[in-house]
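Topology and contacts: notes
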Amino acid sequence: MRKTSGAEARLLRLARMQELVYANGPLPLKAAAQALNVTEMTVRRDLAATDAPLSCLGGYVLAATLPASEKYSLDIAGDEHAPNKRLACERAAQFVEEGDCIFVDCGTTMAQFAEALPTGMSLSVVCYSLNVANILSRRPNIQLMLMGGLYNASSATFYSDDAVQYLERLGVNKAFISAGGVQTDRGVSCSNFHEVPVKQAAMRVATERFLVIDESKLGRVRPAFFGPLDGFSQIIVGGAVPPGLRKLFKGMPLLTVPISS
């Protein structure tokens with residue numbers, strides 16, 4: 001089911017507050033409300049939920065402290081489950097065709113997807129992560145469109161409201177999306193709230209939507225939800241999925257790519 005407009009508005013407000021806090025440090029509650037054109041009570045409600053990436057303390061909005069296991073670091077994530085990520089990406093790249101205009105999400109999985117794209121194929125690619133852009137910028141046959149905005153170092157991504165609007169004006173026909181958590185009942189989630197509006201916009205504009213993950217993401221939950229599983233044309237999973245877990249995805253377009261013996 002699609003998120004309500006109220007839920008979407010809250011996600012946008014949280015993303016904007018993250019931008020302000022990361023750029024300027026702790027933000028006075030009154031200044032946050034003025035920047036968002038809402039009441040201070042609305043800001044307090046946004047921050048009161050357990051999934052909020054920020055907190056309110058002493059009249060200031062500041063970054064919430066997450067357990068180490070919940071923090072996302074691109075450098076650490078790059079070494080986790082790399083073979084299974086590669087399997088999923090190589091299979092996902094087979095869905096790309098000459099002349100496609102594709103959206104490529106962020107994260108270490110999508111960096112492997114960028115590497116897996118056919119070298120001789122002419123493509124238009126939209127992305128918002130520096131590591132993906134660095135790979136694709138070396139491909140002379142790829143027209144690269146990089147979304148700008150405030151830089152988030154932990155995930156090497158850019159975000160701004162203008163960038164989301166720019167994405168919605170593009171003729172993307174295929175979107176390749178990554179996730180930190182996938183559950184059949186609660187949908188797909190990631191670690192960073194500022195990525196949510198970008199992922200959702202890509203899913204809205206694309207004709208086909210591919211979720212590309214390794215098997216470790218199945219059954220996990222991350223703080224920021226961005227969509228239901230039925231929003232994807234294909235769910236491509238690298239690595240062996242246990243039979244019990246596979247049963248939960250019965251009737252869904254699940255495509256698994258196990259390591260060959």
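Residues numbered from 1 in each chain as written. Predicted model: local features only at pLDDT ≥ 70, side-chain atom pairs only at ≥ 80, totals over all residues. Heavy atoms only, no water.

**Describing the sheet that holds strand β15 (residues 254-257)**
As summarised here, the arrangement of the seven strands in space is β6-β5-β4-β9-β12-β14-β15, forming an open sheet in which the pairing is parallel. Where the open sheet ends on each side, the last strands, each with one partner, are β6 (142-146) and β15. Between one strand axis and the next, the sheet turns through 20° on average, direction left out of account. Here strand β12 (residues 208-214) pairs with strand β14 (residues 234-238) via five bridges, running parallel. Bridging across to β14, Asp214 finds its partner in Gly238. Contacts from helix α9 (residues 196-205) reach β4 (101-104), β9 (174-177) and β12 within the one sheet, and its direction differs from that of β9 by about 150°. (Pairing = 2+ DSSP bridges. Helix = DSSP H or I, 4+ residues; strand = E, 2+ residues; numbered from the N terminus. Axes fitted to C-alpha atoms, helices over the stretch in contact; angles between N-to-C directions. Contact = heavy atoms within 4.5 Å.)

**Looking at the confidence of the model for the chain**
With 89% of its residues at a pLDDT of at least 70, the chain reaches an overall mean of 87. Residue range residues 66-71 is modelled with pLDDT below 50. Its contacts to residues more than four positions away, or to other chains, number six contacts. (pLDDT = per-residue confidence, 0-100.)

**Considerations on the environment of Leu29**
Here Leu29 shows up in helix α2 (residues 29-36). According to the relative accessible area criterion, Leu29 is buried, its value standing at 3%. Counting along the chain gives 27 residues from Leu29 to Cys56, while the straight-line C-alpha distance between them is 7.7 Å. The residues touching Leu29, leaving out its near neighbours within four places in the chain, are Glu40, Val43, Arg44, Cys56, Gly59, Tyr60 and Val61. (Buried < 20%, exposed > 50% of the residue type's maximum accessible area, 1.4 Å probe, protein only.)

**Remarks on the pairing of β6**
Examined bridge by bridge, strand β5 (residues 123-127) and β6 share five bridges and lie parallel to one another. Of the residues in β6, the one forming a bridge with Val126 is Met145. Once you follow β5 into helix α7 (residues 130-136) and on to β6, the crossover reads as right-handed. (Right-handed = clockwise from strand over helix to strand, strands pointing away.)

**Some remarks on the nonpolar core**
What tends to happen in soluble globular proteins is that the nonpolar side chains get buried as a cluster. Among the nonpolar cores identified, the biggest contains 53 residues, and Val61 and Phe103 are the most heavily contacted of them. Considering each element in turn, this core owes the most residues, six residues, to helix α1 (residues 5-24). The contact partners of Phe103, leaving out residues within four places of it in the chain, are Val126, Tyr128, Met147, Leu167, Val172, Lys174, Ala175, Phe176, Ile177, Val198 and Ala202. Core analysis: the next-biggest nonpolar cluster, separate from the first, contains 27 residues, Leu87, Ala88, Ala93 and Val125 among them. (Core = buried A, V, L, I, M, F, W, Y, C linked by side-chain atoms within 4.5 Å.)

**A look at the sheet that holds strand β11 (residues 187-190)**
Reading across the sheet, the three strands line up as β10-β11-β13 and stay open at both edges, with antiparallel pairing between neighbours. A strand with exactly one partner marks an edge of an open sheet, and here the two such strands are β10 (181-183) and β13 (224-227). Looking at each pair of strands side by side, their axes are set apart by 30° on average, direction ignored. For β10 and β11, the ladder comprises three bridges, and the chain directions are antiparallel. Across the sheet, the residue bridging to Gln183 is Gly187, located in β11.

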